[in-house]
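A closer look at the structure
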Amino acid sequence: MTSSPLDRLLRPQTIAVFGGREARRVIEQCDRMGFAGKIWPVHPKLDEVLGRRCYRSVADLPSAPDAAFVGVNRMLTVEIVRGLSEAGAGGAVCYASGFSEAMAELADGAELQQALLSAAGGMPILGPNCYGLINGLDGALLWPDQHGMRRIEKGVAILTQSSNIAINLTMQTRGLPIAYMVTAGNQAQTSLADVACALIDDPRVTAIGLHVEGFGDLASLERLAAIARQSRKPVVVLKVGRSEQAKRAAVSHTASLAGSDAVADAVLARLGIGRVQTLPALLETLKLLHVAGPLASHSISSMSCSGGEASLMADAAVGRNVEFPALQPQQLPRLRRVLGEMVTLSNPLDYHTFVWGDVARQTEAFSAMFEGGYALNLVVLDFPRGDRCDASEWVMTADAVIAASSATGALAGLLATLPENMPEPIAKRLMANGIAAFSGIDEAIIAAEVAAGIGQAWQAPPPPPLLDVPSSDGEIETLTEADAKAELAACGLPVPRGLQAFSPREAAEQAERLGFPVVLKGLGIAHKTEAGAVALNLWDIEAVSKAAAEMPPNAGYLVEKMIDPPVAELIVGAVRDPVFGLSLTLGAGGIFVELLEDSVILPLPATKTEIHTAISRLKLAKLLNGYRGRPRGDAEAAVAVISAAADYVVKNASCLEELDINPLMVLPEGRGVAAVDVLIRRRR
């Protein structure tokens, strides 16, 4: 195990505790978990705490502690942290609140946080405003409250900013072995990603779960993803704060499509980090990752002794990136022999109750199913109430699943449709035998989807570094459409022939020079169609003059040659996210932007292969491929132009704030594409 600056804090041999009631609780929790190291209470007035000698200050301690729990007021916290740092301590948990997280209530919150960081220097700190950590492997706790964890030999690490969420997660009765629970508070110095990087290196940790309120450092996230891939220990994230759009004014359609949550999804997928939306899904996904790691594919099988459960399983997969492939021909004779003639052989499979209570026949049936080459094999089984019923035959079914998995070498999961119908002792036994003990159908399907997504990402070559160029500080300017098109045309993007005009009469003259039919646009107006600043199919001078006179006040006119009807219209854009920087947005364009909500986010830089794959994921791809006898679109030209747009974004990343090409008209195969409407916002 390589060395990390956080090692002493996360795996301490000596712990100092500062404060009164909270500090006493830390000692109590360490004693309950059987911590074998030394604990040194520090208090200015007490002589002993729980039978241990009490020291007056940092200076009085026998030596610099590996870790310290600082449970005093916010002002005194800064002084104690300074003393610990100067003494060479390994790290500290800062319990007090009232720092930058409370700036709205306390005028000195930000200033005090800077003082805390200065006092810590090179010594790691967790918090402030956090409970600290529970190390369930070594029984070392810097934790001032009760919890539900027990000593284990290996398991997952869960990290969160929220101390209350952490407490709740320790109380789970789902059979998930938790090795570490770490809270980071407002992450003044040490981020969740920093802690995760340190914990992945512990050979006893199998997977990492993060409950994240916000990503503060893209570089740390990339580093975590790289270490996870290298160590083959998957990471799954529950990021809260979902929104339909970034919390800022949206000038273009791209900005409304590329909400911060959508960008987070795309970035995490690129990095090979899984994402879930709920705490139950986080726990169930961690179970699967603990038992098996990432899945080799998205294929799963399901067996239940009820058609109703089989239907629920099939329905749960709708809209999820998992599949129930048909049974293999070689499976059918064996299944038919074991299950009888009345069972319809399918996947998901309702195996009825003909083999119920017969361990040998159940093992045979499960083994036949497990040999189908599926990445995960699920058996649905809800246990009866232990206080009112006899569960012996259900236990026999669990035994059959364990035996079948052992005999075939296939990955299996036992799934209770209701969480309360998976008793914790059963779940623990299953997990110890390499069987994922799932609670909840949706959560199990999500777990399979996420684990397969991580596996798919890891099968590909490591991604290039994400585009992470900070924005300049200059004033934002919006280019006229004519200037924006001229800039993109110089980069290889095809735009319609056009001329500018500054009066209705001049617009008509320019139209005559271009040749009819033409399009007339009012310059300096965002969302021109909605504002009535676009007129199409103008065939003579009078029509152009009339259309120009009826448009709202503007900065002039742009007259362009009319483009032939396209096969499809795309939107191609980029907008700067506060955390993840610039990314590329592809989607259905023109009037379909809001109507279809059909878009894909691509982190940058992006290859032509990635662009082609992204286009194929759109609903609009059917039109591009020649829907119902219509001509195929020039997909090759579209990919080339989108790639050129992506290169433009990368090259101008320091000043570009927003790019919006809508629509990019895709003409019939062999006739190219045209960027019909363009918006560029950048800093001077």
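Scroll up to find the structure.
Here we summarise the structure given alongside this text. This structure is a prediction, so every number in the text was calculated from the model and none was measured.

1. Here we look at the sheet that holds strand S1 (residues 14-19)
Strand order across the open sheet formed by five strands is S2-S1-S5-S6-S7, with parallel pairing between neighbours. Either end of the sheet is taken by a strand with one partner, and the two such strands are strand S2 (38-42) and strand S7 (125-126). For S1 and strand S5 (residues 67-71), the ladder comprises five bridges, and the chain directions are parallel. Residue pairing in the sheet places Ile 15 in a bridge with Ala 67 of S5. Lying over the sheet, helix H3 (residues 74-87) contacts S1, S5, strand S6 (92-94) and S7, oriented at roughly 165 degrees with respect to S5.

2. Topic: the nonpolar core
In this structure, Leu 159, Ile 208 and Leu 210 are the most contacted members of the largest nonpolar core, which totals 109 residues. In terms of residues, this core owes the most to one element, helix H16 (residues 441-459), which gives eleven residues. In this structure Leu 210 touches Leu 159, Leu 192, Ala 196, Leu 224, Val 235, Val 236, Val 237 and Leu 238, once residues within four positions along its chain are discounted. Leu 488, Ala 574, Leu 656 and Ile 680 belong to the second-largest nonpolar core, a separate cluster that totals 43 residues.

3. Looking at the packing of aromatic side chains
Under the criterion given, the structure shown has six aromatic pairs. Measuring from ring centre to ring centre gives 6.4 Å for Phe 366 and Phe 370, while their planes differ by 15 degrees; the resulting arrangement is stacked. Of the two residues, Phe 366 and Phe 370 are both situated in helix H13 (residues 359-370); the distance of four residues between them amounts to about one turn of the helix. Taking the relative accessible area as the measure of exposure, Phe 370 reaches 3% and is therefore buried. An aromatic cluster is built from Phe 69, Tyr 95, Tyr 131 and Trp 143, whose rings are joined through pairwise contacts.

4. Some details on the state of the cysteines
In total, this model carries zero disulfides according to the counting rule given. Here Cys 54 stays unpaired: no disulfide links it, and the sulfur of Cys 30, its closest cysteine neighbor, is 15 Å away. Residue Cys 94 stays outside any disulfide, its sulfur separated by 7.3 Å from that of Cys 130, the closest cysteine.

5. Some words on the sheet that holds strand S15 (residues 300-304)
Taken together, the five strands give an open sheet; going across it, the order is S16-S15-S17-S18-S19, and neighbouring strands pair in parallel fashion. Edge positions in the sheet fall to strand S16 (349-350) and strand S19 (436-439), since each has one partner strand and no second. Pairing analysis gives four bridges linking strand S17 (residues 376-380) to strand S18 (residues 412-416), with the strands arranged parallel. When the sheet's bridge partners are listed, Val 379 is paired in S18 with Leu 414. Docked against the sheet, H13 engages S15, S16, S17 and S18, running at close to 160 degrees with respect to S15.

6. Some points on the packing of helix H22 (residues 608-616) against helix H24 (residues 635-651)
For the pair H22 and H24, the least separation of the axes is 9 Å and the interaxial angle reads 120 degrees. By the angle between their axes, H22 is oblique relative to H24. Where H22 crosses over H24, the handedness of that crossing is right-handed. Residues Lys 608, Ile 611, His 612 and Ile 615 of H22 pack against Val 639, Ala 640, Ile 642 and Ser 643 of H24. Its residues placed into classes, the contact of H22 with H24 shows five nonpolar, two polar and one charged.

Conventions and cut-offs
- Residues numbered from 1 in each chain as written.
- Predicted model: local features only at pLDDT ≥ 70, side-chain atom pairs only at ≥ 80, totals over all residues.
- Heavy atoms only, no water.
- Pairing = 2+ DSSP bridges.
- Helix = DSSP H or I, 4+ residues; strand = E, 2+ residues; numbered from the N terminus.
- Contact = heavy atoms within 4.5 Å.
- Axes fitted to C-alpha atoms, helices over the stretch in contact; angles between N-to-C directions.
- Core = buried A, V, L, I, M, F, W, Y, C linked by side-chain atoms within 4.5 Å.
- Buried < 20%, exposed > 50% of the residue type's maximum accessible area, 1.4 Å probe, protein only.
- Phe/Tyr/Trp six-rings, centres within 6.5 Å; stacked < 30°, edge-to-face > 60°.
- Disulfide = S-S within 2.5 Å.
- Parallel < 35°, antiparallel > 145°, perpendicular 65-115°, else oblique.
- Left-handed = near helix turned anticlockwise from the far one by under 90°.
- Nonpolar A, V, L, I, M, F, W, Y, C, P; charged D, E, K, R; others polar.

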